[in-house]
Amino acid sequence: MTPGPDTILRVAVNVPLSRLFDYLPPAGTDGAGLLPGIRLTVPFGRRRQTAVLMECAGTSDLPASKLKRAIAVLNDKPLLRAADLWLLRFTSDYYLHPVGEVAAAALPALLRQGRPLYPATERVTLTAAGRDADPDALARRAPRQAEVLAALAARGGACDAAELDEAVPAWRRCRKALLHKDCLRIDEVTATPVAVPESTAEPGPAPNAAQREALAAMRATSGFDVTLLDGVTGSGKTEVYLHRMQDVLAQNGQVLILVPEIGLTPQFVRRLRRRLGREPLVLHSSLPDSDRLAAWRAARDGSAPLILGTRSAVFTPLAAPGLIVVDEEHDGSYKQQEGLRYSARDLAIARAKHLDIPVILGSATPAMETVLRCRQGAYRHLVLPERAGFAAPPLIRLVDLARHPANDGLSDPLLRSMDRHLDEGGQALIFLNRRGYAPTLICTACGKIAECERCDARMTVHAGSQSLACHHCGASRPLDTSCSDCGADCRPLGQGTERIEGVLAARYGGDAVTRIDSDSTRLKGTMDKALARAASGEARILVGTQMLSKGHHFPKLTLVGVINADQGLFSTDFRGGERLGQSLVQVAGRAGRERRQGEVVIQTAFASHPFWSRLLAGGYDEVAAFTLAEREAAAWPPFSRLALLRAEAPQRGPTHNFLDTARQLAGELGLDHVRVLGPVSAPMERRAGRYRAQLLVQSASRQALHNLLGRLVIKLENHPAARRVRWSLDVDPAELF
Ligand code: ADP
Ligand code: ZN
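Visitor: An account of the overall build of the protein chain is needed here, citing residue identities and associated values.
Guide: Helix and strand content of the protein chain: 21 helices and 31 strands. Overall, the C-alpha framework of the protein chain stretches about 90 × 75 × 70 Å when taken along its three principal axes. Looking at the protein chain as a whole, 51% of its 737 residues are labelled buried. Within the protein chain, contacts between residues at least 6 apart in sequence are counted, and of these 75% link residues at least 24 apart. Across the protein chain, the centroid of the 93 positively charged side chains sits 3 Å from that of the 79 negatively charged ones.

Now the structure itself:
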């Protein structure tokens, strides 16, 4: 066949190559009626792949004799609409990531594997003949058949095949015989959209002046715009979201709500349900595949008005998009750190712009990128200045560790504050971003430190499991407290959450203390239990990592103690100050959320560091203003654009070799307004047995950066040096190392 007009199918295949692949329509068809957005099965190499049809074309760069036919069409109607395909392309172009891999990341696993959108289930029904069959006679001749008929009768005469699989696992072996005798009927039933139940919406508190003003500003415009809702935890941001959601729901629009990984709390889901009278559809990474597909379907067909999810939910197709909310927009978990390294916040904004709908970003500690856009007037900046209801802002004070040395990590002033708050019936949260018992195990005689064999990193001591664990690669080995070099005793140095828990338990009693970190909550259900103990006040002292610093509401909490904030003061990453400010303000926001006055005590060995005077005098605003000035002077983001080309391999040589090649290729392509820095080895060069190095590409112009990188990536994909390394490109990297 000579291809006629638009009979070349250009498809996205899940392989690491930045291009579409051309196919002919399946045998016996001419491609008429095949629309972009459908899925196809195509031959790829020696395998079959599920592919997404991105566009139809009249011609191909390949000679007609080289074109293969697609094997089958998997949807008769487009699975992805034009706006969804646009998002895939935009993501692929912006992050310079193969569009087939983008499509794979955006689709639920079952659709990626070629399964149907609406899975058909078999329904097995007992016929009149089946009912009348003499059970005793049948039981003698064909006991299994009798068993099947009995099982059906016991289920009212009909059930799903899956249920029968459970009840009589061997039923499929006598299915044919029973059908032949007309004892059974089997029907295919296709799952249909299920309406999400509605309940009555409860009214919330009357909005205060700041909330009313914010709502009025947002309601004054329609179509795309970005609003930063800037207010501390408890200032009533969620109330404002809820009102805007009601506006959209009243017009039968859908709302997509993105929350950070740890912010997806049952409390929040309940609040949405109660206040909006609709059941939120929850999308998160641990949903079983079939549930994820069902949720995706309900969002796509419009039967779910409220979609709540973490990072990857940004790709959820919507039938009637009306509003996107990104709560805690500064949160690091919005950036995917492997594979397709996208920022869900940034994609949410791009998507809203394309859909011409508003987007609300909420934060008490907005990212520098967002603060700058507000200053430039591109985003609307609305401030909720006070805590709603009655709570007053917490008092923050420093404890200078040079004057008040800490014993086992806890200084006297912090312990005295704890005594006072606990005596008054309050609750204390001790925050330490380091799990385990101690970050280091050191030999008391020769000073040898226990290190990971596969990483340039120290092993963390875990007392509960009596082991040494590497927090970078997951390696672990039994804890041996004598030195492998000299045989002398080793001792743990420094504090982790496990050790602090022990110290506090010795002082206040074990029942009073609850630790919440990824170790203590590994078992299913333990997290919920610990949070319930924390929320009820039964646990008077909470010890935890940043897991505890976000999203949760502990009514009795009045004191927050920060054990060790100093690492952030001297971070090598230019985002160090921003992150430290954010995490301290966030954790401080846990204190005194109801009527009691909250207090925050921060221990530091560098009390005269100017960061502290900025934070204490001017709060996050002042930290942000200083940080922005510093970034502008150094031309760091958001005043410039960055991309990081990373490479790793079992030896050092190939990584540097590859990056040198990349640097040279970039030079040949022309460094027009673009700077290339490196290659350099990563600060922790070896991780999990692999050497890592990187090349930083910087430009004041996004366009110049993308222009160069787009062409560079194609060259690298086909370069021999690329075969000896694993490489990736990170556009707008969140971490430089
Ligand atoms: P945020 O999202 O900024 O943390 P929330 O919207 O959750 O703030 O509000 C914090 C608390 O204050 C909630 O218990 C909420 O019900 C209450 N609240 C919010 N707005 C008002 C208001 N206008 N009047 C009284 N209480 C309010
Ligand atoms: Zn390791």
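Visitor: Can you tell me about the site of ligand 1, naming the residues and giving the values?
Guide: Ligand 1 sits among 17 residues. The nearest are Gln 211, Gly 234, Lys 237, Thr 238 and Arg 271. Note that an oxygen atom of ligand 1 is positioned 3.3 Å from one of the backbone N or O atoms of Ser 235. One of the side-chain N or O atoms of Arg 271 is found 2.7 Å from an oxygen atom in ligand 1. When ligand 1 sits alone it has 550 Å² of accessible area, and the protein chains cover 74% of it. Of the residues belonging to the shell around ligand 1, the class tally is five nonpolar, eight polar and four charged.

Visitor: Outline the coordination of the zinc ion (ligand 2), supporting the account with residue identities and numerical values.
Guide: In the first shell of the zinc ion (ligand 2), the protein supplies Cys 452 (SG), Cys 455 (SG), Cys 470 (SG) and Cys 473 (SG), at 2.3 Å from the metal. Around the zinc ion (ligand 2) sit four donor atoms, and with donor-metal-donor angles ranging over 107 to 112° the site reads as tetrahedral. A residue is classified by how much of its surface remains accessible, and Cys 452, at 5% relative accessible area, is buried. Overall, Cys 473 belongs to the partly exposed group, its relative accessible area being 22%.

Visitor: Now, about the side chain of Glu 329: what can you tell me, with residues and values included?
Guide: On the secondary structure map, Glu 329 appears in the loop between strand 14 (321-326) and helix 13 (344-355). The buried category is assigned to Glu 329, whose relative accessible area is 1%. Of note is the side chain of Glu 329, whose polar atom sits 2.9 Å from the side chain of Arg 345. In this structure the side chain of Glu 329 is engaged in a polar contact, spanning 2.8 Å, whose partner is the side chain of Thr 370. Look past the residues within four positions of Glu 329 in its chain and what remains in contact with it is Tyr 334, Arg 345, Leu 361, Gly 362, Ser 363, Pro 366, Ala 367 and Thr 370.

Visitor: Describe the side chain of Arg 515, and please don't skip the residues or the numbers.
Guide: With respect to the element layout, Arg 515 can be found in strand 24 (residues 513-516). Relative accessible area serves as the criterion here: at 16%, Arg 515 is assigned to the buried category. Among the polar contacts listed, one links the side chain of Arg 515 to the side chain of Asp 517, at a separation of 3.1 Å.

Visitor: So, helix 12 (residues 289-300): which residues are in play, and what are the values?
Guide: Given a rise of 1.5 Å per residue, 12 residues ought to cover 16 Å, and the 16 Å separating the end C-alpha atoms of helix 12 matches this to within 8%. What helix 12 keeps buried is the set Arg 292, Leu 293, Ala 295, Trp 296, Arg 297, Ala 298, Ala 299 and Arg 300. Looking at the packing, one finds that the buried side of helix 12 touches helix 2 (99-106), helix 3 (109-112), strand 11 (254-258), strand 12 (281-283) and strand 13 (306-309). Just beyond helix 12, the residue with positive phi is Gly 302, at close to 90°.

Visitor: Account for the sheet that holds strand 7 (residues 120-126), naming residues and giving values.
Guide: Read from one edge to the other, the open sheet built from three strands follows the order 8-7-9, with strand pairing classed as antiparallel. Bordering the open sheet on either side are strand 8 (158-160) and strand 9 (184-190), each of which pairs with just one other strand. Taking each pair of neighbouring strands and ignoring which way they run, the sheet shows an average axis angle of 25°. Inspection of the sheet shows strand 7 paired to strand 9 by seven bridges, in the antiparallel sense. Each bridged residue has a counterpart across the sheet, and for Ala 120 the counterpart in strand 9 is Thr 190. Packed onto the sheet, helix 6 (residues 143-154) meets strand 7, strand 8 and strand 9 and runs at close to 95° relative to strand 7.

Visitor: Any details on the pattern of salt bridges? Residues and values, ideally.
Guide: Tallying each qualifying case throughout the model produces 37 salt bridges. Arg 274 is the salt-bridge partner of Glu 202, the closest N and O atoms lying 3.5 Å from each other. Taken together, the positions of Glu 202 in the loop between strand 9 and helix 9 (209-219) and Arg 274 in helix 11 (residues 266-276) put the pair 72 residues apart, joining distant regions of the chain. Between Glu 599 and Arg 420 there is a salt bridge, and its shortest N-O distance comes to 3.1 Å. In this pair, Glu 599 sits in strand 27 (residues 599-604) while Arg 420 sits in helix 15 (residues 412-423), placing the two residues 179 residues apart along the sequence. You can call Glu 599 buried: its relative accessible area is 9%.

Visitor: Would you mind going over the sheet that holds strand 5 (residues 68-69) in detail, with residue names and values included?
Guide: Strand pairing in a sheet is mediated by backbone hydrogen bonds. Such pairs are either parallel or antiparallel. Taking strand neighbours across the sheet as the criterion, the six strands line up as 5-2-1-4-3-6 in an open arrangement whose pairing is mixed. This sheet does not close on itself; its edge strands, each paired only once, are strand 5 and strand 6 (72-73). The strands touched by helix 2 within the sheet are strand 1 (8-13) and strand 4 (47-57), with strand 1 carrying the most contacts at an inclination of about 65°.

Visitor: Can you lay out the packing of helix 1 (residues 82-95) against helix 2 for me, pointing to particular residues and giving the numbers?
Guide: For any two helices packed against each other, the geometry is given by the interaxial angle and the distance between the axes. Taken N-terminus to C-terminus, the directions of helix 1 and helix 2 make an angle of 125°; their axes are 9 Å apart at the nearest point. It follows from the interaxial angle that helix 1 and helix 2 lie oblique. Crossing geometry of helix 1 relative to helix 2 is assigned as right-handed. Contact with helix 1, carried on its side by Leu 88, Thr 91 and Ser 92, involves Val 99, Val 102, Ala 103 and Ala 106 of helix 2 and no other residues of that element. Looking at the contact of helix 1 with helix 2, its residues break down into five nonpolar, two polar and no charged.

Visitor: Explain the packing of aromatic side chains to me, using residue names and the numbers behind them.
Guide: The final tally for this structure, using the stated rule, is nine aromatic pairs. With 5.1 Å between their ring centres and 20° between their planes, Trp 86 and Phe 90 make a pair best called stacked. Highlighted residues: Trp 86 and Phe 90, both in helix 1, separated by four residues, approximately one helical turn. With a centroid separation of 5.7 Å and 35° between ring planes, the pair formed by Phe 658 and Trp 727 is classed as tilted.

Cut-off values and rules
- Residues numbered from 1 in each chain as written.
- Chains lettered and ligands numbered in written order.
- Predicted model: local features only at pLDDT ≥ 70, side-chain atom pairs only at ≥ 80, totals over all residues.
- Heavy atoms only, no water.
- Helix = DSSP H or I, 4+ residues; strand = E, 2+ residues; numbered from the N terminus.
- Buried < 20%, exposed > 50% of the residue type's maximum accessible area, 1.4 Å probe, protein only.
- Contact = heavy atoms within 4.5 Å.
- Lys, Arg positive; Asp, Glu negative; His and termini not counted.
- Charge placed at Lys NZ, Arg CZ, Asp CG, Glu CD.
- Near = heavy atom within 4 Å.
- Polar contact = N/O pair within 3.5 Å; in protein donor to acceptor, adjacent residues only side chain to side chain.
- Areas by Shrake-Rupley, 256 points an atom, 1.4 Å probe, with all protein chains shown as cover.
- Nonpolar A, V, L, I, M, F, W, Y, C, P; charged D, E, K, R; others polar.
- Donors = N, O, S within 2.8 Å, 3.2 Å for Na, K, Ca; no water.
- Tetrahedral: all angles 85-135°; square planar, octahedral: opposite > 155°, others 65-115°.
- Expected span 1.5 Å × (residues − 1).
- Pairing = 2+ DSSP bridges.
- Axes fitted to C-alpha atoms, helices over the stretch in contact; angles between N-to-C directions.
- Salt bridge = Lys/Arg side-chain N within 4 Å of Asp/Glu carboxyl O.
- Parallel < 35°, antiparallel > 145°, perpendicular 65-115°, else oblique.
- Left-handed = near helix turned anticlockwise from the far one by under 90°.
- Phe/Tyr/Trp six-rings, centres within 6.5 Å; stacked < 30°, edge-to-face > 60°.

Bear in mind that shape data such as this cannot, by itself, settle questions of function.
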